[in-house]
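Spelled out from the first residue to the last, the chains are:
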Amino acid sequence: CRRLADATDPETRGFAREILARLGIAVRVEPAERGVVVDERTGISFVAIAAGEFQMGSDRYDWEKPVHRVRITHGFLLGKYPVTNAQYGRFLEAAGKSVQKPKYWDDRRFNEPKQPVVGVSWDEARAYCEWAGGRLPTEAEWEYACRAGTTTEYSFGDDAKLLDEYAWFDKNSGGQTQPVGA
């Protein structure tokens, strides 16, 4: 990975640097490279999301109406993956007794180090983000990033039958969370 971290191909270089950072080996990733920034202190990979406009909401559910144009005026960084149990565990250690363990922390279906942390309240998520040097995204930022520049129901199109090729959910996950990035 150290050799590949200086590769001329930006995708290979970015991937190698991300692996090194996850292993705790200090690397520097320029924001322009694949749009990925790795925080050296936490090892968290962030994707640079550029400012832009999109149609927020949908006509599918009442709580998502009305569809309206939203402008994201400033670019921002968003975690490339959900926060893992290992990452959240470092926060718990640093916070001591001031923060309690998440609801499912001891449930073997949800507590592997590379699985996403679950059972965290909004306030606990906010505290984690502040500890990690960031913040929670706004609802508009989250939807803008998830839409990935598309206008379809899903980032991959409108066909729900293809969902299991792109995401883990109740019908394909075996009743447990899966390692992030899988």
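Structural data are supplied above this passage.
Residues numbered from 1 in each chain as written. Predicted model: local features only at pLDDT ≥ 70, side-chain atom pairs only at ≥ 80, totals over all residues. Heavy atoms only, no water.

Read across the open sheet, the three strands follow the order β1-β2-β5; overall the sheet is antiparallel. In this open sheet, the two edge strands, each paired with only one partner strand, are β1 (36–38) and β5 (76–79). The sheet shows a mean angle of 35 degrees between the axes of neighbouring strands, direction not considered. Across the face of the sheet, helix α4 (residues 139–147) comes into contact with β2 (45–49) and β5 while running at roughly 70 degrees to β5. (Pairing = 2+ DSSP bridges. Helix = DSSP H or I, 4+ residues; strand = E, 2+ residues; numbered from the N terminus. Axes fitted to C-alpha atoms, helices over the stretch in contact; angles between N-to-C directions. Contact = heavy atoms within 4.5 Å.)

So, about the packing of helix α2 (residues 85–95) against helix α3 (residues 122–131). Packed helices, taken two at a time, are described by the angle their axes make and the gap between the axes. Running from amino to carboxyl end, α2 crosses α3 at an angle of 85 degrees, the nearest separation of the two axes being 11 Å. Here α2 lies roughly perpendicular to α3, going by the angle between them. Residue-level inspection shows Gln-87, Tyr-88, Arg-90, Phe-91 and Ala-94 of α2 in contact with α3, the latter providing Glu-124, Ala-127, Tyr-128 and Trp-131. Within the contact of α2 with α3, the residues separate by chemical class into six nonpolar, one polar and two charged. (Parallel < 35°, antiparallel > 145°, perpendicular 65-115°, else oblique. Nonpolar A, V, L, I, M, F, W, Y, C, P; charged D, E, K, R; others polar.)

Let us look at unusual backbone geometry. The amide bond that connects Lys-65 to the next residue, Pro-66, takes the cis arrangement and shows omega of -10 degrees. Structurally, the position occupied by Pro-66 is in the loop between β3 (52–56) and β4 (68–72). Unusually for a residue other than glycine, Ala-148 sits at a positive phi of about 50 degrees.

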